[in-house]
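# Coordinate inspection notes
Here is how the chains run, residue by residue.
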Amino acid sequence: MAYFLSRFPLVGKGTCAWLLAALSLACTATTVHADPATHGSSQDPSSYANVDQFQPSHFSLDFAVNFADSTTSGTITHTLTVLEPGAGILTVYFDVWDAVEVSMAEFAAPNATTELDFAPVEYAITTPNPNIGNALAVTLPVALDPGAEFFVRFTYKSLPETTALDWL
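Residues numbered from 1 in each chain as written. Predicted model: local features only at pLDDT ≥ 70, side-chain atom pairs only at ≥ 80, totals over all residues. Heavy atoms only, no water.

## Regarding the sheet that holds strand S5 (residues 100–108)
With respect to topology, five strands assemble into an open sheet ordered S2-S3-S9-S5-S6, the strand pairing being antiparallel. Each end of this open sheet is capped by a strand with a single partner; those strands are strand S2 (54–66) and strand S6 (119–120). Summarising the sheet, S5 and S6 pair through two bridges and their orientation is antiparallel. For Phe107, the partnering residue across the bridge sits in S6 and is Ala119. (Pairing = 2+ DSSP bridges. Helix = DSSP H or I, 4+ residues; strand = E, 2+ residues; numbered from the N terminus.)

Spelled out as structure tokens, the structure:
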């Protein structure tokens, strides 16, 4: 269902605007040291996202809120378009903050038509930078041509100590 949700904004299990910013990608997982030369944006020096190479056009959330545990869980699916030619660009970077566990990253190619078209991909999160957070690096399984649209989906659970939600 997440593929179809990615085509319609703000559709899912309980959608609230205040949660969009909180959940657009904050997480903790495997810690690696990112090479600053391999990611970033000429448009925003405070971002790890490589929007010069991959343009985000849409995201959709499918999540549940557990008030008893002060957590949220679900998926977020990003729709991205390749901007730059180059077979060597196989990593998409996302900005991440706060206390969320990412349990899976998945990729679906431009011709994806069903949920079954998503396949797990490798991902890693950098050591925190107190000024701009972390970078979540997702390794694409194939190089894509400029103009190609593709999907990246994360399965996550926020932790009770997340400051983004300020537990409501």
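## What about the pattern of salt bridges?
Enumeration over the complete set of coordinates arrives at one salt bridge. A salt bridge links Arg153 to Glu106, with the nearest nitrogen and oxygen atoms 2.8 Å apart. Taken together, the residues Arg153 in strand S9 (residues 149–158) and Glu106 in strand S5 connect sequence positions 47 residues apart. Judged on exposure class, the residue Arg153 and its partner Glu106 are both buried. (Salt bridge = Lys/Arg side-chain N within 4 Å of Asp/Glu carboxyl O. Buried < 20%, exposed > 50% of the residue type's maximum accessible area, 1.4 Å probe, protein only.)

## Here's the deal with the nonpolar core
In terms of nonpolar packing, the biggest core is built from 25 residues, with Phe94, Phe150 and Phe154 touching the most fellow members. Going through the elements one at a time, S2, strand S3 (71–82), strand S4 (91–96), S5, strand S8 (134–139) and S9 are the ones with two or more residues in this core. Listed in part, the five residues of the second largest apolar core include Tyr48, Tyr93, Ile132 and Ala137. (Core = buried A, V, L, I, M, F, W, Y, C linked by side-chain atoms within 4.5 Å.)

## A short note on the environment of Leu165
Relative to the helices and strands, Leu165 is located in the segment after S9. Separated by 93 residues in sequence, Leu165 and Thr72 have C-alpha atoms that sit 9.5 Å apart.

## A word on the packing of aromatic side chains
Considering all chains together, one arrives at four aromatic pairs under this definition. Centre to centre, the rings of Phe94 and Phe154 are 5.2 Å apart; their planes meet at 90°, and the pair counts as edge-to-face. In this pair, Phe94 is assigned in strand S4 and Phe154 in strand S9, connecting sequence segments 60 residues apart. Under the relative-accessibility criterion, Phe94 is labelled buried at 8%. Connected via pairs of aromatic rings, a cluster forms that spans Phe54, Phe107 and Phe150. (Phe/Tyr/Trp six-rings, centres within 6.5 Å; stacked < 30°, edge-to-face > 60°.)

## Some thoughts on the environment of Pro110
Here Pro110 lies in the loop between S5 and S6. Using a relative accessible area of 40% as the deciding quantity, one classes Pro110 as partly exposed. Dropping the residues within four chain positions of it, Pro110 is found in contact with Leu144, Ala148, Glu149 and Phe150. (Contact = heavy atoms within 4.5 Å.)

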